[in-house]
Amino acid sequence: MALRHPLQSFAFLLASSKAKKLGFSFAPILQLNSRRSLRRTICTAMSTESSSSQLTHTITVPSRPAEPVHIVAAPGVNSSDFRRVSLPLSLSLATLVVLTPPVEVEDNRVVNGETLQHLSYTFGWVNCTSYCRNAIESSLFKQWLKNTEMGILANGAMSLTQVLIQGVDMFGKHVGFLKFKADVIDKETGKKVPGIVFARGPAVAVLILLESEGETFVVLTEQVRVPVGRLVLELPAGMLDDDKGDFVGTAVREVEEEIGIRLNPKDMVDLTSFLDPSTGCRVFPSPGGCDEEISVFLYRGHVDKEVIVQLQGKETGLRERGELIVVHVVDYENLWRVTADAKTLVAIALYEMAKKRGLLPPR
């Protein structure tokens with residue numbers, strides 16, 4: 001199929017740093033002819049149905065190269081959230097997109113035409129701006145895929161055939177939440193196992209024990225939790241903001257944001273590290289529907305009674321983010337009865353068992 005547009009128009013599209021809407025699917029095969037040019041053959045794997053309306057992409061899990069996984073966007077998921085290509089500075093190293101028209105770029109120019117199914121062309125040197133923000137290449141999706149490969153796919157009894165991306169929530173420039181349905185097939189029976197996933201990634205929670213005048217107190221937060229329609233007393237907690245895995249740093253930051261006190265990272269004890277390695281040393285609060293895995297930390301300190309009084313009823317949280325938090329200080333002996341927060345109840349169990357087994361470091 002011949003390219004109907006001048007190379008300049010196509011290069012302009014590639015050089016646009018922020019295309020507003022990209023409808024495409026691609027599976028590039030690159031052949032470098034020289035440093036100054038690139039011969040490239042583009043072959044799409046789109047079906048007739050998907051090329052007209054549905055965004056698709058195909059990946060392979062490293063340990064299962066013969067079992068391709070089809071990634072499909074549900075109706076309502078826009079192309080920029082589903083998959084947006086990252087273009088390096090030189091076109092000779094770039095991933096070339098296969099376009100499904102119309103494609104609207106930032107200054108409202110439109111590249112007209114049809115899907116470029118088979119295109120072989122030699123390009124000169126073109127500078128492009130790197131830009132990437134999508135569900136498939138998010139740390140959330142990559143981590144879920146890695147966990148799946150090392151877990152339920154490891155022994156070969158099951159196969160992952162398709163993932164339907166149903167929703168993407170952005171936190172600024174990053175993917176915050178993903179909702180998708182994974183088709184995992186039990187090979188013996190040929191049946192699908194339940195595979196609806198709400199992906200939000202790793203998080204931390206902190207059990208803060210403050211001793212004062214012979215009593216032990218716990219610092220909790222009261223927050224509005226819309227999903228359950230209630231105010232909930234719970235441990236200070238939060239999600240990791242990136243994929244760098246700084247669990248201790250995140251725990252310290254969340255306590256400062258939600259409680260207003262600064263903890264020394266060296267005084268933090270990872271209670272989940274005492275779990276058997278086969279568990280991954282994380283807690284899964286709702287593995288039937290959510291991938292969230294929580295590291296639970298312990299902090300122990302001595303304070304004057306005045307500090308307890310100052311903390312009680314303190315209003316904190318990042319108001320600009322809608323965090324309306326009230327601090328509560330509770331007697332540890334009554335903690336298990338005053339909250340239904342799973343993080344808190346898990347922390348009690350981990351703390352008590354670690355103390356009983358003599359695993360806690362001296363203070």
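Scroll up a little and you will see the structure.
Owing to the predicted nature of the structure, the values given are computational and were not obtained by experimental measurement.

S.K.: Kindly report on the nonpolar core, identifying the contributing residues and their values.
M.R.: Counting residues in hydrophobic clusters, the biggest one holds 25 residues, and the most contacted among them are Phe-141, Trp-144, Leu-160, Val-163, Ile-165, Leu-178 and Phe-180. By residue number, the principal contributor to this core is strand 9 (residues 174–186), which donates 5 residues. Each residue touching Phe-180, except ones within four places of it in the same chain, is listed here: Phe-141, Trp-144, Val-163, Leu-164, Ile-165, Gln-166, Gly-195, Ile-196, Val-197 and Ala-199. One finds Ala-203, Ala-205, Val-218 and Leu-298 within the second-largest nonpolar core, a separate group that totals 24 residues.

S.K.: Talk me through the environment of Thr-189; I want residue IDs and the actual numbers.
M.R.: Here Thr-189 lies in the loop between strand 9 and strand 10 (191–193). The spatial distance from the C-alpha of Thr-189 to the C-alpha of Met-158 is 9.9 Å, given a sequence separation of 31 residues. Within the structure, the side chain of Thr-189 is placed 2.8 Å from the side chain of Asp-186, a separation counted as a polar contact. There is a polar contact of 3.3 Å between the side chain of Thr-189 and the backbone nitrogen of Lys-191.

S.K.: How would you sum up the packing of aromatic side chains? Please name residues and give values.
M.R.: For the coordinates displayed, the defined rule picks out 6 aromatic pairs. Plain terms: the ring middles of Phe-141 and Phe-180 are 5.8 Å apart, the flat faces sit at 70 degrees to each other, and that makes the pair edge-to-face. Remark: Phe-180 occurs in strand 9 and Phe-141 occurs in helix 4 (residues 139–150); sequence separation between them is 39 residues. No difference in accessibility class separates Phe-141 from Phe-180, as the two residues are buried.

S.K.: Quick rundown of the side chain of Asp-186? Include the residues and the values.
M.R.: Inspection of the secondary structure assignment puts Asp-186 in strand 9. In this structure, Asp-186 is buried with no salt-bridge partner, the nearest side chain bearing the opposite charge being Lys-187 at 9.5 Å. When neighbours within four sequence positions are excluded, Asp-186 is seen to be in contact with Ala-157, Met-158 and Lys-191.

S.K.: Give a detailed account of helix 4, specifying residues and quantitative values.
M.R.: Quick reminder: α-helices carry 3.6 residues per turn. Residues three or four places apart thus point the same way. The end-to-end C-alpha distance of helix 4, which contains 12 residues, comes to 16 Å, matching closely the 16 Å that a straight helix rising 1.5 Å per residue would cover. Those residues of helix 4 that sit buried are Leu-140, Phe-141, Trp-144, Leu-145, Thr-148 and Glu-149. Projected down its long axis, helix 4 shows its buried positions confined to an angular sector of 160 degrees, all on one face. Opposite its buried face, helix 4 presents the exposed residues Lys-142 and Met-150, each directed more than 90 degrees away. Looking at the buried positions of helix 4, the neighbouring elements they touch are strand 3 (56–61), strand 4 (64–73), strand 8 (158–171), strand 9 and strand 11 (196–199).

S.K.: Mind laying out the pattern of salt bridges, listing which residues take part and the relevant values?
M.R.: Tallying each qualifying case throughout the model produces 12 salt bridges. One salt bridge connects Glu-211 with Arg-363, and the closest N-O pair in it is separated by 3.0 Å. Taken together, the positions of Glu-211 in strand 12 (residues 202–212) and Arg-363 in the segment after helix 8 (342–356) put the pair 152 residues apart, joining distant regions of the chain. Accessibility expressed as a relative area gives 24% for Glu-211, which makes it partly exposed. Relative accessible area serves as the criterion here: at 59%, Arg-363 is assigned to the exposed category. Here Arg-262 makes a salt bridge to Glu-256, at a shortest N to O gap of 3.0 Å. The structure contains a network of salt bridges with shared partners spanning Arg-225, Glu-234, Asp-341 and Lys-343.

About the thresholds
Residues numbered from 1 in each chain as written. Predicted model: local features only at pLDDT ≥ 70, side-chain atom pairs only at ≥ 80, totals over all residues. Heavy atoms only, no water. Core = buried A, V, L, I, M, F, W, Y, C linked by side-chain atoms within 4.5 Å. Buried < 20%, exposed > 50% of the residue type's maximum accessible area, 1.4 Å probe, protein only. Helix = DSSP H or I, 4+ residues; strand = E, 2+ residues; numbered from the N terminus. Contact = heavy atoms within 4.5 Å. Polar contact = N/O pair within 3.5 Å; in protein donor to acceptor, adjacent residues only side chain to side chain. Phe/Tyr/Trp six-rings, centres within 6.5 Å; stacked < 30°, edge-to-face > 60°. Lys, Arg positive; Asp, Glu negative; His and termini not counted. Salt bridge = Lys/Arg side-chain N within 4 Å of Asp/Glu carboxyl O. Expected span 1.5 Å × (residues − 1). Arc of directions from axis to C-beta.

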